[in-house]
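# Summary of the model geometry
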Amino acid sequence: YAPQPNSSPTQVVQSSHVNQHNILDGGQLLKWVDTCACLSAERLAGYPCVTVSVDDLYFENEVKLGEILNLRSQVNRAFTTSMEVGVRVSCECLSTGKSLPVCDAFITFVAIDASGAKVKLPPFKCETAEEKTCFALANERRKVRISHAKTVKQLLADYELSPLLNVYPTNKPHQPLLTPLTDRVESVELVLPPHANHHGNTFGGQIMAWMENVASISAGRLCQGIASLRSVDMVYFRGPSTVGDRIVLASIVNNSFQTSLEVGVRVEAYRYEGGKIGTRRHINSAFLTFDVPPGAGEIPHFIPEPQDGMRRQKEAAARRKIRLDRRFI
């Protein structure tokens, strides 16, 4: 049996990590969380590990410039070829000595060998009562991951005509704030060696950081200001990307609520070789929720485009209900 693999890196939030309000950038935080979790995963497996999925993430407190970010990760459970790693993040203010929770993350990894094949994972012993609890809950979360897509489809079918899927009521005139397509953002990134592990596979945290960047632009355009990342829905990585790939990230606002809005991001990858552009591969999709700063008022009413826009709006409302239910559980 392998020992319980833990990782506890500490980061100081510097000026290169924050936005113009001196608040830690959400994409940078996602990179650190993924890196910390990967360290624990590789200590157990003894092989390079790649991110398969990230459970719902909720950010409880903002982290400011100059504060200390403490990350602690451990493998909660190893299955045949995949494992769940939990990461607990807190921030520490040096002047007051106070520590506040930031988020808890649960990330699934698989280990791969030099040929890219999955590696069978070694078991490990749970030595404390807390570790035994984490071991048991990891299996329950795995069931939720497997049923997530079906849950969204079923909720849409059950509540197609329900008020739960209507936009929030407002006394403001129903005029769209945005001109057509201005809430859509597309960005292209080139995967370089610093973005990947020594097998050449792009770090999942880097992909999520790029996703947060384009999503924040879409959210900012709707809010006409800065919107803070509040949560990230469950993310599945459908396939790998490697050094040399071009990563295309497209974001669009799906729905707005009283003080929050959901932005969807689709990520694709392609190769550019011999002067030819290869076929685009769907890497993953994600849904990020942003909040407006306190005192900024309600988010302007959002009018979706006909057909596809209305479908995305309903799906966003369904996901919001799932987020609230699952967070409570």
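Residues numbered from 1 in each chain as written. Predicted model: local features only at pLDDT ≥ 70, side-chain atom pairs only at ≥ 80, totals over all residues. Heavy atoms only, no water.

The name given to the protein in an unreviewed UniProt entry is HotDog ACOT-type domain-containing protein, with the source organism recorded as Ciona savignyi. Recorded under Subcellular location (unreviewed entry), the UniProt text for the protein is reproduced unchanged: "Cytoplasm". The Catalytic activity (unreviewed entry) field of the UniProt record for the protein holds the comment "butanoyl-CoA + H2O = butanoate + CoA + H(+)". (UniProt positions renumbered as here; feature names shortened; annotations may be inferred.)

Turning to the layout of surface pockets, a few remarks are in order. When its volume is computed, the largest pocket comes out at roughly 880 Å³. Considering the residues around the largest pocket, the lining is formed by 24 residues, among which Asp 55, Asp 104, Phe 106, Leu 137 and Arg 141 are closest to the centre. Where the lining of the largest pocket is concerned, the elements lending two or more residues are β5 (68-78), β6 (82-92), β7 (99-111), α2 (129-158) and α4 (308-328). For the lining of the largest pocket, the per-class residue count stands at nine nonpolar, four polar and 11 charged. No fewer than three residues from each of domain 1 (6-129) and domain 2 (182-327) sit in the lining of the largest pocket. (1 Å grid on protein atoms, 1.4 Å probe; cavity = no way out; pocket = protein on both sides within 12 Å on 5 of 7 lines; lining within 4 Å. Points joined across faces, edges and corners; volume = space filled by probe spheres on them. Helix = DSSP H or I, 4+ residues; strand = E, 2+ residues; numbered from the N terminus. Nonpolar A, V, L, I, M, F, W, Y, C, P; charged D, E, K, R; others polar. Domains from an automatic or database assignment.)

A separate point is the sheet that holds strand β8 (residues 185-190). With antiparallel pairing, six strands are arranged side by side in an open sheet as β4-β9-β15-β12-β11-β8. Every other strand in the sheet has two partners, leaving β4 (57-58) and β8 as the edge strands with one partner each. Where strand β9 (residues 228-232) lies against strand β15 (residues 281-291), four bridges are found, and the strand directions are antiparallel. The partner of Ser 231 across the bridge, within β15, is Thr 289. (Pairing = 2+ DSSP bridges.)

What follows is about unusual backbone geometry. One non-glycine residue, Asn 22, lies in the positive phi region at around 60°. Assignment of secondary structure puts Asn 22 in the loop between β2 (10-12) and α1 (26-45). Residue Asn 22 is classed as partly exposed on the basis of its relative accessible area of 39%. (Buried < 20%, exposed > 50% of the residue type's maximum accessible area, 1.4 Å probe, protein only.)

Overall, the coordinates contain 19 salt bridges when judged by the stated rule. The partner of Arg 141 in a salt bridge is Glu 84, with the nearest N and O atoms 2.7 Å apart. One end of the pair, Arg 141, is in helix α2; the other, Glu 84, is in strand β6, with 57 residues separating them in the sequence. Judged by relative accessible area, which is 18%, Arg 141 ranks as buried. Glu 140 serves as the salt-bridge partner of Lys 143, at 3.6 Å between the closest nitrogen and oxygen. Taken together, the residues Lys 143 and Glu 140, both in helix α2 and three residues apart, mark about one turn of the helix. By relative accessible area, Glu 140 is classed as partly exposed at 42%. Look at the salt bridges and you will find they share partners, linking Asp 233, Glu 262, Asp 308, Arg 311, Arg 312, Glu 315, Arg 319 and Arg 323 into a network. (Salt bridge = Lys/Arg side-chain N within 4 Å of Asp/Glu carboxyl O.)

On to the nonpolar core. Counting 66 residues, the largest nonpolar core has Leu 69 and Met 83 as its most contacted members. The biggest single contributor to this core is α1, with 10 residues. Domain assignment of the residues forming this core places at least three in each of domain 1 (6-129) and domain 2 (182-327). Contact partners of Leu 69, with chain neighbours within four places excluded, come to Pro 9, Thr 10, Gln 11, Leu 24, Leu 29, Trp 32, Val 63, Val 89, Ser 90, Cys 91 and Val 102. (Core = buried A, V, L, I, M, F, W, Y, C linked by side-chain atoms within 4.5 Å. Contact = heavy atoms within 4.5 Å.)

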